[in-house]
Amino acid sequence: MDYYDQHMHTHFSPDSAESFENYLEQTAGLIVTTEHLDFHDAYNGGVDTILDYAAYSNKIDALNASHDGRIRRGIEVGYTPESHEQILSYLSGKAFDVILLSVHQNGVYDYLQPIIDDMDPKAVMQEYFELCTEAVRRVDGANVFAHFDYGIRRLPVTVSDLQEFEPVLKELLDAVLAKEMALELNTRSMYEYNNVDLYRYMIGLYLGMGGTRFSLGSDAHSIKKYCYHFDDAIALLRESGVTELTLFKDRSPYTEKI
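Everything numeric here is computed off the predicted structure, so don't read it as measured data.

Details of the packing of aromatic side chains
The geometry of two aromatic rings is summed up by the distance between their centres and the angle between their planes.
For step 1, the next point in the chain: Enumeration according to the criterion identifies eleven aromatic pairs in this entry.
For step 2, the next point in the chain: Note on Y128 and F129: the rings are 5.5 Å apart at their centroids and 55° apart in plane angle, and the pair reads as tilted.
For step 3, the next point in the chain: A relative accessible area of 0% places Y128 in the buried class.
For step 4, the next point in the chain: Classification of F129 as buried rests on a relative accessible area of 0%.
For step 5, the next point in the chain: Pairing F148 with Y199 gives two aromatic rings, centres 4.8 Å apart and planes at 65°, and the pair type is edge-to-face. Note that F148 is positioned in the loop between β5 (144-145) and α5 (159-164) and Y199 in helix α8 (residues 196-208), a separation of 51 residues in sequence. Judged on exposure class, the residue F148 and its partner Y199 are both buried.

Next up, the structure:
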């Protein structure tokens with residue numbers, strides 16, 4: 001099988017200290033890192049988290065020369081309405097193999113910060129899913145919509161709660177389909193944050209709307225989480241009748257059997 005982890009970070013992201021070299025030791029195949037881009041990053045004290053593209057590219061070029069070109073370039077774009085133009089400006093003229101699109105914050109706080117614990121879960125869900133839909137609609141060129149549940153990881157959300165928001169989720173998935181993006185199964189969300197049932201529900205909803213593109217990502221920030229629970233996630237996809245994953249090279253999709 002030639003699929004690979006399509007969501008992971010190195011020291012080029014501020015919340016990781018991991019090296020390319022250590023990831024390369026985990027596999028004889030391809031790797032791609034998807035480094036953070038979050039303007040006015042609430043999780044980073046409001047400082048812009050901007051990938052140093054020149055240094056990142058130089059590092060990959062140097063390693064690819066001695067590792068048979070096994071590293072691909074990726075980025076995880078964190079959307080807020082205020083940063084839309086900055087995102088487009090940053091991406092212009094830069095070559096990535098895959099672009100993940102995420103919503104981590106609302107411009108004031110990150111959805112993984114403790115402030116969420118004292119909020120009305122339904123209000124957080126409404127705001128977060130609407131922001132996700134806006135992100136997909138406004139950011140052209142992204143390939144994968146990442147961790148649909150990021151904004152609700154701290155909340156005691158059940159499948160019944162998601163069903164209550166099904167019209168909103170269908171708007172989000174309709175936007176994902178319109179942009180021909182893949183839907184990510186984020187295995188840390190699924191197996192570290194115990195959201196497998198939420199993903200099972202979302203997979204069914206997406207398939208029912210005609211979706212076919214799935215991406216598998218661990219969201220690893222160290223090799224300890226590399227390909228985290230991939231066998232379990234693939235088994236879940238197979239239970240749903242899914243037989244392939246979508247990967248990207250030069251931002252063009254292709255499929256691999258699972």
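Topic: the packing of helix α4 (residues 121-138) against helix α6 (residues 166-178)
For step 1, the next point in the chain: For the pair α4 and α6, interaxial distance at closest approach is 9 Å and the crossing angle is 15°. By the angle between their directions, the pair α4 and α6 is classed as roughly parallel. Seen from above, α4 lies across α6 with left-handed handedness. Judged by residue contacts, Q126, F129, E130, C132, T133, V136 and R137 of α4 engage V168, L169, E171, L172, A175 and V176 from α6.
For step 2, the next point in the chain: Of the residues contributing to the contact of α4 with α6, the split by class is eight nonpolar, two polar and three charged.

A closer look at the pairing of strand β7 (residues 214-217)
For step 1, the next point in the chain: Alternating positions in β7 separate into two faces, F214 and L216 on one and S215 and G217 on the other, with burial throughout.
For step 2, the next point in the chain: With four bridges joining them, strand β6 (residues 182-186) and β7 adopt parallel strand pairing. Of the residues in β7, the one forming a bridge with N186 is G217.

Brief notes about helix α3 (residues 84-91)
An α-helical turn contains 3.6 residues, so any two residues separated by three or four positions project in the same direction.
For step 1, the next point in the chain: All of the buried residues along α3 are H84, I87, Y90 and L91. Down the axis of α3, the buried side of the element spans an arc of 130°, and every buried residue falls inside it. Exposed residues lying more than 90 degrees from the buried face of α3 are E85 and S89.
For step 2, the next point in the chain: Each element contacted by the buried residues of α3 is listed here: β1 (31-41), α2 (53-66), β3 (71-78), β4 (98-102) and α4.

Some remarks on the pattern of salt bridges
For step 1, the next point in the chain: Tallied over the full model, the rule gives 14 salt bridges.
For step 2, the next point in the chain: Note that R200 and D197 form a salt bridge whose closest N and O atoms lie 2.6 Å from each other. Residue R200 and its partner D197 are both found in helix α8; the two are separated by three residues, about one turn of the helix.
For step 3, the next point in the chain: The partly exposed category is assigned to R200, whose relative accessible area is 37%.
For step 4, the next point in the chain: Using a relative accessible area of 46% as the deciding quantity, one classes D197 as partly exposed.
For step 5, the next point in the chain: Sharing partners across several salt bridges, the network here consists of K122, D161 and E164.

Focus: the nonpolar core
For step 1, the next point in the chain: One finds F129 and L162 to be the most contacted residues of the largest nonpolar core, which totals 88 residues.
For step 2, the next point in the chain: In contact with F129, other than residues within four places in its own chain, are F148, I152, L162, F165, V168 and L169.

A closer look at the environment of H7
For step 1, the next point in the chain: Following the sequence through the fold, H7 ends up in the segment before α1 (20-24).
For step 2, the next point in the chain: When the C-alpha positions of H7 and E76 are compared, they lie 8.1 Å apart, and in sequence the two are 69 residues distant.
For step 3, the next point in the chain: If we ignore the near neighbours within four places in the chain, the residues touching H7 are T34, E76, L100, A146, H147, E184, N186, L216, G217, S218, D219 and A220.
For step 4, the next point in the chain: Side-chain polar atoms of H7 contact the side chain of E184, separated by 2.7 Å.

Reading the values: the criteria
Residues numbered from 1 in each chain as written. Predicted model: local features only at pLDDT ≥ 70, side-chain atom pairs only at ≥ 80, totals over all residues. Heavy atoms only, no water. Phe/Tyr/Trp six-rings, centres within 6.5 Å; stacked < 30°, edge-to-face > 60°. Buried < 20%, exposed > 50% of the residue type's maximum accessible area, 1.4 Å probe, protein only. Helix = DSSP H or I, 4+ residues; strand = E, 2+ residues; numbered from the N terminus. Axes fitted to C-alpha atoms, helices over the stretch in contact; angles between N-to-C directions. Parallel < 35°, antiparallel > 145°, perpendicular 65-115°, else oblique. Left-handed = near helix turned anticlockwise from the far one by under 90°. Contact = heavy atoms within 4.5 Å. Nonpolar A, V, L, I, M, F, W, Y, C, P; charged D, E, K, R; others polar. Pairing = 2+ DSSP bridges. Arc of directions from axis to C-beta. Salt bridge = Lys/Arg side-chain N within 4 Å of Asp/Glu carboxyl O. Core = buried A, V, L, I, M, F, W, Y, C linked by side-chain atoms within 4.5 Å. Polar contact = N/O pair within 3.5 Å; in protein donor to acceptor, adjacent residues only side chain to side chain.

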